[in-house]
Amino acid sequence: MIDPISRLQFSQLLPDLDRLLASSGFSAFDGYGAVGDNSGPNQVAMFLGERLGTRSVASLRNRTWLWDALRQAGYATLKAEDGCVLNSNMIASMRPRTTHGAQLERLFCYAFDEPNCLGDKLAADVLVDYAEQFMSSYHQSSTPWAAFLHFTDGHEDSHTGAGLLDAPLRRLLGGGALRTELEEDTLVVVASDHGLHYGSYFTTDAGRFERASPLLRMRLPSKLRAQRGVSLPIVNRLACVTAFDIYHTLADVFGVTLPPKGVFSPGMSLLRPVPLTRGCAETGIPPSICADLRPARYQRPSSSSSSSSSS
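Residues numbered from 1 in each chain as written. Predicted model: local features only at pLDDT ≥ 70, side-chain atom pairs only at ≥ 80, totals over all residues. Heavy atoms only, no water.

1. Things to note about the packing of aromatic side chains
Right, on to step 1. Summed over the entire model, instances satisfying the criterion amount to 7 aromatic pairs.
Right, on to step 2. Measuring from centroid to centroid gives 5.4 Å for Trp65 and Trp67, while their planes differ by 5°, and the two rings are stacked. Residues Trp65 and Trp67 agree in their burial class; the two are buried.
Right, on to step 3. Ring plane angle 80° and centroid distance 6.1 Å describe the contact between Phe134 and Trp145, whose orientation is recorded as edge-to-face. Of the two residues, Phe134 is situated in helix α6 (residues 123–140) and Trp145 in strand β5 (residues 145–150); the sequence distance between them amounts to 11 residues. A single burial state applies to Phe134 and to Trp145, both of which are buried.
Right, on to step 4. Members of the aromatic cluster, connected to one another through ring pairs, are Phe47, Trp65, Trp67 and Phe148. (Phe/Tyr/Trp six-rings, centres within 6.5 Å; stacked < 30°, edge-to-face > 60°. Buried < 20%, exposed > 50% of the residue type's maximum accessible area, 1.4 Å probe, protein only. Helix = DSSP H or I, 4+ residues; strand = E, 2+ residues; numbered from the N terminus.)

2. Side note on the environment of Leu21
Right, on to step 1. Relative to the helices and strands, Leu21 resides in helix α2 (residues 15–23).
Right, on to step 2. Given the relative accessible area of 0%, Leu21 is considered buried.
Right, on to step 3. As for Leu21 and Arg219, which are separated by 198 residues in sequence, their C-alpha atoms are 9.0 Å apart.
Right, on to step 4. With residues near it in sequence (within four places) discarded, Leu21 still touches Phe10, Phe26, Leu173, Val190 and Arg217. (Contact = heavy atoms within 4.5 Å.)

3. Remarks on the confidence of the model for the protein chain
Right, on to step 1. In this model, the protein chain carries a mean pLDDT of 84, and residues with pLDDT of at least 70 account for 84%.
Right, on to step 2. Between residues 296–311, whose pLDDT stays under 50, and residues either more than four places distant or in other chains, the model counts 2 contacts. (pLDDT = per-residue confidence, 0-100.)

4. Focus on the pairing of strand β7 (residues 216–219)
Right, on to step 1. Taking every second residue as pointing to the same face, both faces of β7 are buried, with Leu216 and Met218 on one and Arg217 and Arg219 on the other.
Right, on to step 2. Pairing of strand β1 (residues 27–28) with β7, which is carried by 2 bridges, proceeds in the antiparallel orientation. The partner of Ser27 across the bridge, within β7, is Met218.
Right, on to step 3. Note that strand β6 (residues 188–191) and β7 share 4 bridges and pair antiparallel. The partner of Val189 across the bridge, within β7, is Met218. (Pairing = 2+ DSSP bridges.)

5. What to know about unusual backbone geometry
For residues that are not glycine, phi is negative in most cases, and the peptide bond is trans in most cases.
Right, on to step 1. Pro4 follows Asp3 through a cis peptide bond whose omega is -15°.
Right, on to step 2. Along the chain, Pro4 falls in the segment before α1 (7–13).

Laid out in structure tokens, this is it:
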């Protein structure tokens, strides 16, 4: 996960990774929309499949998150961020119960008034190095694994930090000894939870549209396509989809039963065709963000207003 970045910003700031994904069989979902104003509700939808009723993500710690279900199913699990604030609304604040990731907390996480320092190496490179070791080790031992990597470099309004992710993520997804495994055995999801939601640009219609239009690229492993005869239907690339659908897709692919009985979760697996008539109400997108997904069209000034302004 890249937090935050919009689809347009992704193409502009990470052009090499964008080209790599396009040439490597990733499906792009251009109807993907945010379900909340900030990270909390979008990440809860993606990893828990529920709506966030309060500001506090930590209050949901004892629920069965996706990594909990996978760990119970025998997966080695990793959840880590390359930067976080412990007293925040981010997922790291609740310390997910994964087999790996907590080891990085002292390196990446800090109180807001005590920023961390990683020397002369990008935090993203450190996280990628750790993830590669994790994946390689469990691949060699034939243990199933699931890694949830969260890159927070875009949380600043100059649009500079997210661009630094181009090389590390391209290295992770496009090179090295793990490339064949990622293509054959691994479901890969490249997503953001929302677009940039602060700064001067966000005050414009275009800025709010980008906040509501996060990134979603996905590739199914070749072995899964062959063994189960499944694919990502082309129609879904233009349909209205959200983080709830990512959650249901991951549960479908991994074969875990989620959400728990009695918990309603909007969304559906993207391995099945999504109706193009599907709208915001069916997908969990609130009315305010739904409105931002329909930016106001430019209105040509009337001749009378043009003449009055020139006079």
